[in-house]
Amino acid sequence: MVILGICLVLVMLLMPVLVSCSQEVTTSSTKAATTTQAAAATTKAIATTTQAAATTTQPAQTLKIGGLVSLTGFASASESLIRDGLLLFQQWYNEQNRLTINGTKYNIEFVFEDVQSTAEGATAAATKLVNDTGVKFIVGGVVPFMTLAAGTVTEPAQVLRVILYTTHSEEYGPQTPYTFISNDATTDFAGPDSDYLVANFPNVKKIAVLTPDDGGPPIFMPMVQKTIESRGLSLAGDYVLWPLDATDFTSYVNKALAQKPDAIFFINGWPIHMGPMLKIAREAGFTGPIFGCHEDPYDIAAIAGTQASNNFYVHNIQVDSPQMTDIIKNIMSLSQAAYNKQSPTYVWGWNSAYCLMQAIEKAGSLDTTAVKTAWEGLDKIDTVYGPGVMGGLVSYGIKHNVSYATPFCQLVDGQVKFIGFEPVSLP
Amino acid sequence: MDAQTLASTGISALMLSAIYILMALGFALLLSVMGVLNFAHSALYMVAGYICYEFTVGFGLSGWLSLILTVVVMGAFGVFLERFCFRPFFGDTNRIIVIALALIVILESLMNILVGTAVRKVPDFISGTIKFSGFQVSQQRILVTFIGAAVLIALIILIQNTRRGQQMLAVAQDFVGATLQGINIYRTMAFATVIACALAALAGSLGGAVYYLNPFIGDQMLVKAIEVVILAGIGSISGVFAGGLILGIIDAFLPMVLSGVATDATGLGIVVLILLFRPQGLFGHEA
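Residues numbered from 1 in each chain as written. Chains lettered and ligands numbered in written order. Predicted model: local features only at pLDDT ≥ 70, side-chain atom pairs only at ≥ 80, totals over all residues. Heavy atoms only, no water.

(A) Quick look at helix 5 (residues 144-154) of chain A. All names here are of chain A. Burial within helix 5 is extensive, with eight of its eleven residues counted as buried. Inspection of helix 5 places Pro144, Met146, Thr147, Ala149, Ala150, Gly151, Val153 and Thr154 among the buried residues, and these make up the whole buried set. Structurally, helix 5 contributes buried residues whose contacts are with strand 1 (61-69), helix 4 (119-133), strand 4 (137-140) and strand 5 (160-163). (Buried < 20%, exposed > 50% of the residue type's maximum accessible area, 1.4 Å probe, protein only. Helix = DSSP H or I, 4+ residues; strand = E, 2+ residues; numbered from the N terminus. Contact = heavy atoms within 4.5 Å.)

Structure, rendered in structure tokens:
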């Protein structure tokens, strides 16, 4: 019995290794990725960078930048990719030798803390980064309640924070002067999506909305509704809220379908939410257009399956499209080399740090107030998606929002097809 | 609520019930037979999903063969679990809880490190939908419901009509008495653990196909399993059927009238309400 037990332990220990070594075929953008391999590759890349920096005549200082990402919990599947994207940026940026402040060269180094997909985790992680690590700049924060929680630590400490997404003005606005956003977000997509519907689906009149119950909907939904109605469309009924920790979405999708909509908007969520919802909607016989926000279409298709992954639209990139910008193509090459994988979320993470470093370079200072002032003075800013502008003064009461023509793609038989870059109006 | 919505939500309720029951049965079995609060059941559910994924996607085996192999591997792991994690601490609830919690952390961390948090999904065991009378429902969801029901019936037959099943009942009632009757209680407990792990494997594989895989997917399912077991009544295996069905119906139909996090809170509220009137659970016995 003892020998049998030992054998079984070996079997059990072997299985995860086998899992990790297998090809991840469900994600179409993936070649054969494993976190272990990726981490090893990244470590190697970082080591190379450090070595290169050491050979320069003047030793470079290290600027530590905090990374607030969920590495455990429901958000980890996507936010761990943001971390990997930031590490790719770190490698690339340090190789450029771009940052010199008062004659001193700086390499950047991201220090990550696990937000654990909870508000408490976000507060703890932010506290550790600000008080223990002593960072003055932080990248990270996607989910509203986590962003709000981290802000209670970073704002009083005047730590400049770049969040990747926002859903409403309570988590980001005049009350958070040290917070910037690196991407278009929820309310910004309602306009382009409605325009696309009007232009391509003239029979669509009523839209059902499914959105996570994370505190944001009561604030952003009036804005979304106003945008939709300005295009001659209307909501099919009350927006349907689903809990972020839900496992089964059937009832929520059924509730939306009971409104007899012509189209559906999935406003916010992650692929682990949108994939099942897309599948359920298609299995229930709904064939109309469905729109997501910015989520990874490859992961959504992997979960929903080929049959269900049709007539679905999302504001993200096709990783291998020739229409991508040069910098996106470069990121994909780097990620392929480092992680043996290509993911739109790497680009999303990269963009946040890319914008932050432009502001620091512009300020020529590591003082967060100086960087904040310099960033506020920028009217235009480069993004990985193309030329961007600073907006948000009318929408959020503060001009801290990087806005750019948003990439737009659709799922056709499980394949991601790029449609184009759509202009976004973010006054 | 129109007929299509009712049919789809009804199937969803039954499928949820089936997965809850599969999860809760294993949890309840260990609790009844060994007095073990195996919180690591959630991690077993998760690991099983990944193993099934590996058999299907990594080795290219058919879904059904992968399902069977996963059940066998996880069942075998049950022997190890009983021998090295539960038996040394038999009767010591506190230590077993710590062991179970440690197992959760170890297995989740192991998967997180080795597999990563990337989204994966066990390929569908059966794809497509069934259309009848204007309704359209997922074949896979119907299949999961039938598998859950079949396993439940098989388990009840096993417990009530086989020698090993009767031995488990005897150990559950009084292990000292069972020992005096000549029952090898350790072998019986090992058998119960094997079945519990096999049930978690079944639930994890089916859940991994219906939903998705992530190192943390078991956490929410554990809460549901505990709810079902408490609702059924501690020590009641057959009560798990009713408990799972009630919770499945609540979870499927409540979102039709409520929204968001209110559904979770109300669902738990209903469970608490039931326990107020029947503290011993639906099928439990008065202390």
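(B) Quick look at the packing of aromatic side chains. Under the defined criterion, the tally for this structure stands at 29 aromatic pairs over all chains. For the ring pair Phe55 of chain B and Phe59 of chain B, a centre distance of 5.9 Å and an interplane angle of 50° mean the geometry is tilted. Take Phe55 of chain B: its relative accessible area is 8%, and that puts it in the buried class. Through pairs of rings, three or more aromatic residues link up here, namely Tyr196, Phe201, Phe265, Phe291, Tyr313 and Phe408 of chain A. Over the aromatic face of Tyr178 of chain A sits the side chain of Lys372 of chain A, whose NZ or CZ is 5.5 Å from the ring centroid. Arg83 of chain B extends its terminal NZ or CZ atom over the ring of Phe84 of chain B, reaching a point 5.4 Å from the ring centre. (Phe/Tyr/Trp six-rings, centres within 6.5 Å; stacked < 30°, edge-to-face > 60°. Lys NZ or Arg CZ within 6 Å of the ring centre and 35° of its normal.)

(C) Spatial organisation of the pairing of strand 13 (residues 380-383) of chain A. Residue and element names in this part refer to chain A. Every second residue of strand 13 is oriented toward a common face, the buried set being Ile381 and Thr383 and the non-buried set Lys380 and Asp382. Pairing of strand 13 with strand 14 (residues 386-391) involves four bridges; the strand directions are antiparallel. When the sheet's bridge partners are listed, Thr383 is paired in strand 14 with Gly386. (Pairing = 2+ DSSP bridges.)

(D) Spotlight on the state of the cysteines. All names here are of chain B. Enumeration over the complete set of coordinates arrives at zero disulfides over all chains. The closest cysteine sulfur to the non-disulfide-bonded Cys85 is located on Cys197, 9.8 Å from its own sulfur. Judged by relative accessible area, Cys85 falls into the buried class, the value being 9%. (Disulfide = S-S within 2.5 Å.)

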